[in-house]
Amino acid sequence: MSLRFLIPAFALLLIAGSAEAQVGADLNISPKRVVFGPGERSATVYIFNQGDSEATYTVETVDRIMMADGQIVAAADRPEIAVNSAGDLVQYTPRRITLQPRESQAIRVRARPGAAAGEYRTHLTVTALPSEDTGFTVQQATQPGGGEVSLQVVALFSVSIPVIVRDGPADTRAAIENPTIVQEGEARLLSLDLVRLGASSVYGDVEILSGQGADAKIITAVRGVAVYPEVARRTMVAALPAGIGAGQILTVIYRDDDAHKGEVLAMTTLVAP
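Residues numbered from 1 in each chain as written. Predicted model: local features only at pLDDT ≥ 70, side-chain atom pairs only at ≥ 80, totals over all residues. Heavy atoms only, no water.

K.L.:
What exactly am I supposed to notice about the overall build of the protein here?
P.N.:
Each helix and strand in the protein was counted, giving one helix and 23 strands. Taken over 273 residues, the protein has a buried fraction of 41%. The contacts of the protein with a sequence gap of at least 6 include a subset with a gap of at least 24, amounting to 71%. For the protein, the accessible area works out to roughly 14,200 Å², and carbon and sulfur atoms hold 51% of it. (Helix = DSSP H or I, 4+ residues; strand = E, 2+ residues; numbered from the N terminus. Buried < 20%, exposed > 50% of the residue type's maximum accessible area, 1.4 Å probe, protein only. Contact = heavy atoms within 4.5 Å. Areas by Shrake-Rupley, 256 points an atom, 1.4 Å probe, with all protein chains shown as cover.)

K.L.:
How do you make sense of the pattern of salt bridges when you look at a structure like this?
P.N.:
Oppositely charged side chains are able to pair whenever their charged atoms sit close together. Under the criterion given, the structure shown has 14 salt bridges. In this structure, the salt-bridge partner of R173 is D171, at a minimum N-O distance of 2.9 Å. Look at D171 and you get partly exposed, because its relative accessible area is 24%. One salt bridge connects D257 with K261, and the closest N-O pair in it is separated by 3.3 Å. Its relative accessible area of 30% is what places D257 among the partly exposed residues. Taking relative accessible area as the criterion, K261 reaches 61% and is therefore assigned exposed. (Salt bridge = Lys/Arg side-chain N within 4 Å of Asp/Glu carboxyl O.)

K.L.:
For this particular structure, what's the right way to read the sheet that holds strand β6 (residues 42-49)?
P.N.:
By definition, the strands of a sheet pair up through backbone hydrogen bonds, in either a parallel or an antiparallel sense. Across the sheet, which stays open at both edges, the four strands sit in the order β4-β6-β12-β10 with antiparallel pairing between neighbours. Strands with a single pairing partner mark the edges of an open sheet, and in this sheet they are β4 (27-30) and β10 (90-93). Taking each pair of neighbouring strands and ignoring which way they run, the sheet shows an average axis angle of 25 degrees. In the sheet, β4 pairs with β6 via four bridges, with the strands oriented antiparallel. Residue pairing across strands places I29 opposite I47, the latter belonging to β6. (Pairing = 2+ DSSP bridges. Axes fitted to C-alpha atoms, helices over the stretch in contact; angles between N-to-C directions.)

K.L.:
Help me understand the sheet that holds strand β18 (residues 187-196), please; the structure alone is not making it clear to me.
P.N.:
Taken in spatial order, the three strands make up an open sheet running β17-β18-β21, and their pairing is antiparallel. The sheet is open, and its two borders are formed by β17 (174-184) and β21 (233-239), each paired with just one other strand. Averaged over all pairs of adjacent strands, the angle between strand axes in this sheet comes to 20 degrees, irrespective of strand direction.

K.L.:
What am I meant to see in the side chain of T251 here?
P.N.:
For T251, the location among the structural elements is in strand β22 (residues 249-256). Given the relative accessible area of 5%, T251 is considered buried. Engagement of the side chain of T251 in a polar contact is seen with the backbone oxygen of G211, the distance being 2.5 Å. Contacts of T251, omitting those with residues within four sequence positions, involve E207, I208, L209, G211, Q212, M267, T268 and T269. (Polar contact = N/O pair within 3.5 Å; in protein donor to acceptor, adjacent residues only side chain to side chain.)

K.L.:
Looking at this structure, how should I read the confidence of the model for the protein?
P.N.:
Should the pLDDT be low somewhere, the predicted coordinates at that spot are not to be read in detail. Confidence along the protein averages 86 in pLDDT terms, with 82% of residues attaining 70 or more. Note that pLDDT drops below 50 for residues 1-22; the model gives that stretch 61 contacts with residues more than four away or on any other chain. (pLDDT = per-residue confidence, 0-100.)

K.L.:
What exactly am I supposed to notice about the environment of I107 here?
P.N.:
Following the sequence through the fold, I107 ends up in strand β12 (residues 104-111). Overall, the relative accessible area of 0% leaves I107 in the buried class. Those residues in contact with I107 that lie beyond four places of it in its chain are A43, T44, V45, I47, V59, Y92, T93, P94, I97 and V126.

Take a look at the structure:
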């Protein structure tokens, strides 16, 4: 008998069968991040089952790190990169939840101070589990013929949000460097580096405006862009709307949506080629 083997990936479950399915794509979570400032020790996170059937979820904290291109990966996969973990500082309940369709559940999150002043971070991760009837039976799995047993891959949908614990004032300073407009096919893209200058992470919105000064108008924006302490800078790309002509002045603003909401963290201008 020959066997076809599949190598499992993160957040994938291997089940006997031959097709591919996804579990939990109707999972939603709010808010998208939790920040505990000095003296703040409790918060509530809500998860929603927006699907049409009952769903069960596990809740855990996982340390994750940011890469220079903005990707978030498990810290266990990059042990050479240090992260100031809040895993031991954060408590949460419940850790397993079953929700009926359109039902929500509150997760209570508490934090305690770290051993030293600074910023600590982990990621609250909610993962949908497959139902008991997901996949093939043993008889179905051995039916393909040719003496083969096949496997079904069921992707487990997972959502993570950062949980940040700050002991002491936030040092949120930033700069914008290397703004460049590039052409990819018919699309024009703005590439730039967001540089973290302070000790704390920064988080905010990148606004792109046509013109400069009081007459500038927002033409597009990228919301919720962070630079975490394990990286000094990250590169981001934003699609520009059609109609940006050569010689047009663009203003780029990185506006805080964290410790000092609305404050301009960084600003630069460039001329479209």
